[in-house]
Amino acid sequence: MEWIDLRSDTITKPTDEMRKAMAEAEVGDDVYGEDPTVNRLQAMAAERFGKEAALFIPSGTMGNLAAILAHCARGDEVILGNRSHTYLYEAGGVSALGGVHTYIVPNQSDGTISLDELKAAIRPDDAHFPQTRLMCLENTHNRCGGSVLDQTYIDSVAELAHQRGLKLHMDGARIFNAAVALNTSVTNLVENVDSLTFCLSKGLCAPVGSILVGNKDFIAKAHRARKQLGGGMRQVGILAAAGIVAMEQMVDRLAEDHSRAQDLAQFIGLIPGVALDWETPDSNMIFFHLTDEATMTITELIPKFADHKIRISASAEARIRLVMHYWIDDSSILRIKSAFQEAFSLE
Ligand code: TLP
């Protein structure tokens, strides 16, 4: 019996088509701009997002960092949500490596930040203050239940940012999940965003890689930032080849992950002692915690799942996140449900 890994969609392995494309990839030195497969992937991404240019980056973390370094100088300020990945899980890179100051505003449980909070966070022109340069949004929003931000909201933030002379960056690590959930194109969804990072790994299953998109001037700056960060890669068409398969073959099927998440959430929500943090998942993530009614702790629950060869993990706040992805099929869902039944002694 194979392990079922629900800890993240980052654990996804490449598909057979990806491995074949990787083996056959034409390559060159990408630091010289001479890798034809990278160039093809970047052109595809720019076109798909309706932006002037794109840059292949080793990771989502480096993509967000390179973007913020391209938009901000040392001492400038970026406005981030308090549950954003960049604030919580990127090792403080923007401050440590970029000297960029962060202004933290509350995320609402649907992943948005209120326009009033954003307005209030913009610094007046006064020598006492850092200069606000950038606002960031995350879509889908990981620590807000995988919630989806729609175009109307994104456009309203973009309008505010632009009126005040700021740029808007989106951490779109899972932007294709958002577009599929909204049944729209990424071009429309991020039309008014100045820059965006998205991941080819995670739900799209490529083994490595993210892409930054934006206008030519921004991508030229991000290209230098990527070099400074040591992210210039050589015959990396081997990885870009998997990225091309990811964009061509793996996007539409994300809807399956979303419907499995909804089905499983519905089942879990009925278990006494279990409380869903978001009742109906917008995308591929389910978050839950245990209530006083439960006869065990989260720490005791994890090995019960391991007995069924199911990997789950808990966050510091004793919450479990279950993430659906390509390697979870309908038979995995049956196994997961029966593990819940046994752990909670359900009939
Ligand atoms: N998220 C990982 C962990 O780091 C938490 C996960 O398991 O979900 N933006 C968002 C919204 C992300 O969720 C992640 C990874 C990243 C950026 C960073 O991407 P990588 O891992 O490629 O640096």
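Owing to the predicted nature of the structure, the values given are computational and were not obtained by experimental measurement.

Participant: How should I be thinking about the nonpolar core in this particular structure?
Facilitator: One recurring pattern in soluble globular proteins is that nonpolar side chains are buried together. Grouped together as the largest cluster of nonpolar side chains are 58 residues, with contacts concentrated most on Phe56, Met135, Ile175, Phe176 and Phe198. Looking at this core, the element that brings in the most residues is helix α11 (residues 237-249), giving seven residues. Residue contacts for Ile175: discarding those within four places in its chain leaves Phe49, Asn139, Met170, Val186, Leu189, Val190, Leu196 and Phe198.

Participant: Hey, could you run me through the site of the ligand in this one?
Facilitator: The local shell around the ligand holds 15 residues, among which Ser8, Thr61, His85, Asp171 and Arg174 are the closest. One of the side-chain N or O atoms of Arg174 is found 2.8 Å from an oxygen atom in the ligand. Relative to its free-state accessible area of 510 Å², the ligand is covered by the protein chains to the extent of 80%. Of all the elements, helix α3 (residues 60-71) adds the most residues to the shell around the ligand, at three residues.

Participant: I keep staring at the packing of helix α12 (residues 254-269) against helix α14 (residues 330-343) and nothing clicks. Help me out?
Facilitator: If you want to describe how two helices pack, look at the angle between their axes and the distance between the axes. Following both chains from N to C, one finds α12 and α14 inclined at 15 degrees, their axes separated by 11 Å at the closest point. The pairing of α12 with α14 is recorded here as roughly parallel in orientation. Note that α12 runs across α14; the crossing there is right-handed. Facing α12, whose interface residues are Arg260, Asp263, Leu264, Phe267 and Ile268, α14 presents Asp330, Ile333, Ile336, Lys337, Phe340 and Gln341. A per-class count over the contact of α12 with α14 returns six nonpolar, one polar and four charged.

Participant: Can you help me understand unusual backbone geometry in this one?
Facilitator: Backbone geometry follows two general trends: most residues other than glycine have a negative phi, and most peptide bonds adopt the trans configuration. A cis amide bond links Asn139 with the next residue in sequence, Thr140, at an omega value of -5 degrees. Tracing the backbone shows Thr140 in the loop between β5 (132-138) and α7 (151-163). We note that Lys202 has phi near 60 degrees; this positive angle belongs to a residue other than glycine. Relative to the helices and strands, Lys202 is located in the loop between β7 (195-199) and β8 (210-214). Classification of Lys202 as buried rests on a relative accessible area of 14%. The residue Ser345 is not glycine, and still its phi comes out positive at about 45 degrees. Mapped onto the elements of the fold, Ser345 is located in the segment after α14. According to the relative accessible area criterion, Ser345 is exposed, its value standing at 61%.

Rules used throughout
- Residues numbered from 1 in each chain as written.
- Predicted model: local features only at pLDDT ≥ 70, side-chain atom pairs only at ≥ 80, totals over all residues.
- Heavy atoms only, no water.
- Core = buried A, V, L, I, M, F, W, Y, C linked by side-chain atoms within 4.5 Å.
- Buried < 20%, exposed > 50% of the residue type's maximum accessible area, 1.4 Å probe, protein only.
- Helix = DSSP H or I, 4+ residues; strand = E, 2+ residues; numbered from the N terminus.
- Contact = heavy atoms within 4.5 Å.
- Near = heavy atom within 4 Å.
- Polar contact = N/O pair within 3.5 Å; in protein donor to acceptor, adjacent residues only side chain to side chain.
- Areas by Shrake-Rupley, 256 points an atom, 1.4 Å probe, with all protein chains shown as cover.
- Axes fitted to C-alpha atoms, helices over the stretch in contact; angles between N-to-C directions.
- Parallel < 35°, antiparallel > 145°, perpendicular 65-115°, else oblique.
- Left-handed = near helix turned anticlockwise from the far one by under 90°.
- Nonpolar A, V, L, I, M, F, W, Y, C, P; charged D, E, K, R; others polar.

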